[in-house]
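So you can see what is in the structure, the chains are spelled out below.
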Amino acid sequence: MTTITVADIPLVQYALRLADNALVLGHRLSEWCGHAPMLEEDIALANIALDLIGQARMLYTYAGEVEGAGRDEDQLAYLRDAPQYRNVLLVEQPNGDFAVTIVRQFLYSAFMLPFWRRMKESKDETLAAIAAKAEKEVAYHLRHSAEWVVRLGDGTDESHRRAQEALDDLWIYTGELFETDDVERALIEAGIAVDPASLREEWSRTVDEVLNEATLTRPADGWMQTGGRSGRHSEHLGYILADLQFLQRAYPGATW
Amino acid sequence: MYTQALNTKETLRPVAPEDMEREARFQARIDAEEKIEPNDWMPEGYRRTLARQISQHAHSEIVGMLPEGNWITRAPTLRRKAALLAKVQDEGGHGLYLYAAAETLGISREEYVEQLLSGRAKYSSIFNYPTLTWADIGAIGWLVDGAAIMNQIPLCRCSYGPYARAMIRICKEESFHQRQGYEIMLTLCRGTPEQKAMAQDALNRWWWPSLMMFGPSDKDSQHSDQSMRWKIKRFSNDELRQKFVDATVPQGLYLGLTFPDPDLKFNEATGHWEFGEIDWSEFKNVIAGNGPCNKQRMKQRRKAHEEGAWVREAALAYAQKRKARREQRAQAA
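Numbers given to residues run from 1 along each chain, matching the order in which its sequence is written. Lettering of chains starts at A and numbering of ligands starts at 1, both following the order in which they are written. In keeping with the predicted nature of the model, local features appear solely for residues at pLDDT of at least 70, side-chain atom pairs appear and are counted solely at 80 or more, and the whole-chain, interface and lining totals rest on all residues. For the side-chain quantities, the full set of heavy atoms in the structure was used; hydrogens and water were omitted.

Trainee: Looking at this structure, how should I read the overall build of chain B?
Mentor: Only DSSP runs of H or I covering at least 4 residues are called helices, and only runs of E covering at least 2 are called strands; the numbering of each starts at the N terminus. The number of helices and strands found in chain B is 12 helices and 2 strands. In chain B, the succession of α and β elements from N to C terminus is α-α-α-α-α-α-α-α-α-β-β-α-α-α. Radius of gyration means the value over C-alpha atoms here, while the globule rule gives 2.2 Å times the residue count to the 0.38 power. Taking 333 residues into account, the globule formula puts the C-alpha radius of gyration at 20 Å, and chain B, at 22 Å, falls close to it. Overall size of chain B, expressed as C-alpha extent along the three principal axes, is 75 × 50 × 35 Å. The cut-offs for exposure are 20% and 50% of the maximum accessible area for each residue type, with area from a 1.4 Å probe on protein chains only; residues under the lower value are buried, those over the upper are exposed, and the others partly exposed. Per-residue burial over chain B gives 56% buried out of 333 residues.

Given below as structure tokens:
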């Protein structure tokens, strides 16, 4: 089977965006397994990765159902090429050192917790049900990553420097979290999607509180990177997919 | 998994007369199937044997995360990806509570980890083999976890309480892993000819190393007598190996695979599968550090440990700062 293109149905595209975010970040976190700074973090990062991959699976399955072309979660995850992936750039950024991984997780989870909380009110019953499960998981992801941001920021000089550097480097990808486009606007008006702009204040408050406790400096909002939602990614996504999709590409049509 | 530690000879020091009486009482408790607990008196040899055995078991779980972790990012479906990640995570969990059990013997986890990273402590030889294809993930679950279970089920009745209790939970998870591995093999064997060839190739490479997991043959390993008396070990290496072969061969034949052993045949009279001679020179070399992946596994472990040092230092520094601030506040109040 070759690369597929998914139908331009807003709800399908919306579910794919959410699924791609979860899968790509889950994939990134899974790269840590066996290599973390301590055994407890091997286990914790794998846990978060498993939650995210679980969310991705539900969302892909739902996208496939709505599309109605008979595609399952694996076809959607394994047979789209990078330009068809719809995740935000933040989640595909490399793990870097532990500070980069933790700050990336924190910035994302601080957004996703209010996101899923709001999504529970969606008129789309499936998305609301997925949100109810995801909210509980993300509450833990946020707590875990925020605690580490504080430990690193207020730990040693070295950990402070690394955490600040991670924050400064990743900040440019946070603007994209709050973008909306025509696909989303129609769904927001229909009470199905969450308007990300409405989450900015809460996200900003969470970030300020944690950074303050961590003695880290919030970077100024300057120019923001964007493109993931329209399939323009950083160079990193191609390598993620090369790994992720290897077996499906090398042995087309096989059952695993 | 991984009781190869029991094949190392324990040098026993001369026993003082007052200790002989205590040892007799200790042995009587063991003979009565009582559990020994951390605060109970125990002979130094018993403590050392267990510390070595449990920590090597823990090290094996941790190093064992690497060969399987090698396929997490390349798992062929999302279900397989989640299952493999959860499995490797389980192994990290096993390592964690085995280190905790080993710590009850008076040595800290940091010291045990230092023993591993400095090369003084060993881990199971099996993890020095590479995972070259996806079928290796199936073969490891089926064979390596299968062999581990054979070793570990008797350890649930080990005389040392903390180890025995840890093993009960570990065995439950390992048995799940074993079924999962076999199911991967089954799927491959029912798949395309290429997939079946992949499964056969994995069996060819993992079969003999799996048999080696049980350690040297009984005739070359008298060291386990004391472990048997202490009820740390309950069956001999050859007994366990035979049990594994008897259980595993029919499973492989059901898959339609061939075992890489021309001498393998069923003995109607004994009801056992007879198998050929293990290549002990390979075994000894892998144990001695010359296996295909010994160096890279240890390098990866050391790298993770060294690159994580600043994180552990930060966590410690933060905890101390917090404590100091709490005390300051208490004084001010």
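Trainee: Before we go on, may I ask you to explain the layout of surface pockets in this structure?
Mentor: Unoccupied space between atoms shows up once a probe the size of one water molecule is rolled over them. The pocket and cavity definitions rest on a 1 Å grid over protein atoms only: a 1.4 Å probe that fits but cannot leave marks a cavity, an open set with protein on both sides within 12 Å along at least five of seven lines marks a pocket, and residues lining either have an atom within 4 Å of a point. Grid points are joined across faces, edges and corners, and a volume is the space filled by probe spheres set on the points. Within this model, the largest pocket holds a volume of roughly 510 Å³. Lining the largest pocket are 21 residues, with A:Met38, B:Arg109, B:Val113, B:His305 and B:Arg312 positioned closest to its centre. Those elements that place two or more of their residues in the lining of the largest pocket are α2 (39–67) of chain A together with α3 (78–103), α4 (109–117), α11 (294–307) and α12 (309–332) of chain B. Of all the elements, α4(B) adds the most residues to the lining of the largest pocket, at 6 residues. Residue polarity is assigned by list, with Asp, Glu, Lys and Arg as charged and Ala, Val, Leu, Ile, Met, Phe, Trp, Tyr, Cys and Pro as nonpolar; anything else, Gly included, falls into the polar class. Classifying every residue of the lining of the largest pocket gives 12 nonpolar, 1 polar and 8 charged.

Trainee: Whenever I open this one, the pattern of salt bridges confuses me. Can you help?
Mentor: Opposite charge on two side chains permits pairing when their charged atoms draw close. For this analysis, a salt bridge means a side-chain nitrogen from Lys or Arg found within 4 Å of a carboxyl oxygen belonging to Asp or Glu. A complete count under the given rule lists 41 salt bridges over all chains for this structure. Among the ionic pairs, B:Glu21 bridges to B:Arg25, the shortest N-O distance being 3.5 Å. Taken together, the residues span about one helical turn, with B:Glu21 and B:Arg25 both in helix α1 (residues 17–31) at a distance of 4 residues. Neither residue differs from the other here; B:Glu21 and B:Arg25 are each classed as exposed. In this structure, the salt-bridge partner of B:Asp201 is B:Arg205, at a minimum N-O distance of 2.9 Å. Note that B:Asp201 and B:Arg205 are positioned in helix α7 (residues 193–212) at a spacing of 4 residues, about one turn of the helix. Using a relative accessible area of 32% as the deciding quantity, one classes B:Asp201 as partly exposed. In the salt-bridge network here, residues are joined through shared partners; they are A:Arg17, A:Asp181, A:Glu184 and A:Arg229.

Trainee: What should I look at first to understand the confidence of the model for chain B in this one?
Mentor: Taken over all residues, the pLDDT of chain B has a mean of 94, while the share at 70 or more is 95%. If you check the scores for this complex, the pTM reads 0.95 and the ipTM reads 0.97. One confidence number per residue, pLDDT, is output by the predictor and ranges from 0 to 100.

Trainee: Would you mind showing me how to read the packing of α2(A) against α3(B) here?
Mentor: Between two packed helices, the angle of one axis relative to the other and the distance separating the axes together describe the packing. Only the stretch in contact is used when fitting a helix axis, every axis being a line fitted to C-alpha atoms; angles between N-to-C directions are given from 0 to 180 degrees. Contact pair α2(A) / α3(B): the axes reach a minimum separation of 9 Å and the direction vectors enclose 160°. Compared by their axis directions, α2(A) and α3(B) come out roughly antiparallel. The hand of the α2(A)/α3(B) crossing is left-handed. Along the contact surface, α2(A) presents A:Leu39, A:Glu40, A:Ile43, A:Ala46, A:Asn47, A:Ala49, A:Leu50, A:Ile53, A:Arg57 and A:Tyr60, while α3(B) presents B:Leu78, B:Arg79, B:Lys81, B:Ala82, B:Leu85, B:Ala86, B:Gln89, B:Gly92, B:Gly93, B:Gly95, B:Leu96 and B:Tyr99. Considered class by class, the residues forming the contact of α2(A) with α3(B) number 13 nonpolar, 5 polar and 4 charged. Roughly parallel covers angles under 35 degrees, roughly antiparallel covers those over 145, roughly perpendicular covers 65 to 115, and oblique covers all other angles. Definitions for this section: a left-handed crossing has its near helix turned counterclockwise from the far helix by less than a right angle. A right-handed crossing has that turn clockwise. Contact criterion: two residues are considered in contact whenever any of their non-hydrogen atoms come within 4.5 Å of each other.

Trainee: Quick question: what am I supposed to make of empty space enclosed by the protein here?
Mentor: For the coordinates displayed, the defined rule picks out 3 cavities of 30 Å³ or more. Empty space within the largest cavity amounts to approximately 120 Å³. Taken together, 14 residues form the lining of the largest cavity, with A:Leu18, A:Phe111, A:Phe115, A:Leu177 and A:Arg229 sitting closest to its centre. Sorting the residues of the lining of the largest cavity by element identifies α1 (10–30) and α5 (98–119) of chain A as the ones contributing at least two each. Of the residues forming the lining of the largest cavity, the biggest block, 4 residues, is contributed by α5(A). Considering only residue class, the lining of the largest cavity consists of 10 nonpolar, 1 polar and 3 charged. Taken as a whole, the second largest cavity spans an internal volume of roughly 80 Å³. As for the second largest cavity, its lining consists of B:Arg80, B:Ala83, B:Leu84, B:Lys87, B:Trp134, B:Ile137, B:Gly141, B:His177, B:Gln180, B:Gly181 and B:Ile184. Among the elements of the structure, α3, α5 (135–155) and α6 (161–189) of chain B are those that each provide at least two residues to the lining of the second largest cavity.

Trainee: I would appreciate a short explanation of the packing of helix α6 (residues 125–153) of chain A against helix α9 (residues 200–213) of chain A in the present structure.
Mentor: All names here are of chain A. The geometry of α6 relative to α9 is characterised by a closest axis approach of 8 Å and an angle of 35° between their N-to-C directions. Both α6 and α9 take part in a crossing whose hand is right-handed. The segment α6 lies against α9, with Leu142, Ala146, Val149 and Val150 engaging Thr206, Val210, Leu211 and Glu213. Looking at the contact of α6 with α9, its residues break down into 6 nonpolar, 1 polar and 1 charged.

Trainee: Explain the interface of chain B and chain A here, please?
Mentor: Note on interface size: it is often stated as the accessible area lost on association of the parts. Each partner contributes to the interface: chain B provides 46 residues, whereas chain A provides 48 residues. Buried area, as used here, totals the accessible surface that two parts lose on assembly, with accessibility defined by a 1.4 Å probe and the loss added over both. Summed over both partners, the interface of chain B with chain A buries about 4,000 Å², with 68% contributed by carbon and sulfur atoms. Taken together, the links from chain B to chain A amount to 3 salt bridges. Two N or O atoms count as a polar contact when they lie within 3.5 Å, although within protein this holds only if one can serve as hydrogen donor and the other as acceptor, and sequence-adjacent residues are included solely when both atoms are side-chain atoms. Summed over the shared surface of chain B and chain A, the number is 17 residue pairs in polar contact (both at pLDDT 80 or more).

Trainee: Just to check I follow, could you spell out the packing of aromatic side chains for this structure?
Mentor: Aromatic rings considered in pairs are described by the distance between their centres and by the relative angle of their planes. Residues and elements named next belong to chain A. Only centres within 6.5 Å qualify two rings of Phe, Tyr or Trp (six-membered ring in Trp) as a pair; their planes then separate them into stacked at under 30 degrees, edge-to-face at over 60, and tilted for everything else. Counted under the stated rule, the structure contains 21 aromatic pairs over all chains. Ring centres 5.1 Å apart and planes at 85° place the aromatic pair Phe98 and Trp148 in the edge-to-face group. One end of the pair, Phe98, is in helix α5; the other, Trp148, is in helix α6, with 50 residues separating them in the sequence. Within the aromatic cluster, the residues linked to one another by ring pairs are Phe111, Phe115, Trp116, Trp171, Phe178 and Trp203. Each ring is checked for a lysine NZ or an arginine CZ that lies within 6 Å of its centre and within 35 degrees of its normal; such an atom marks a charge sitting over the ring. For Arg200, the ring lying beneath its charged end belongs to Phe178, and the centroid distance is 4.3 Å.

Trainee: Help me understand the side chain of A:Glu41, please; the structure alone is not making it clear to me.
Mentor: All names here are of chain A. With respect to the element layout, Glu41 can be found in helix α2. Put simply, Glu41 is tucked away with no salt bridge, and the nearest opposite charge, on Arg151, sits 5.8 Å away. Here Trp148 takes part through its side chain, which lies 3.0 Å from a polar atom of the side chain of Glu41. Asp and Glu are treated as the negative residues and Lys and Arg as the positive ones, with His and the ends of the chain left uncounted.

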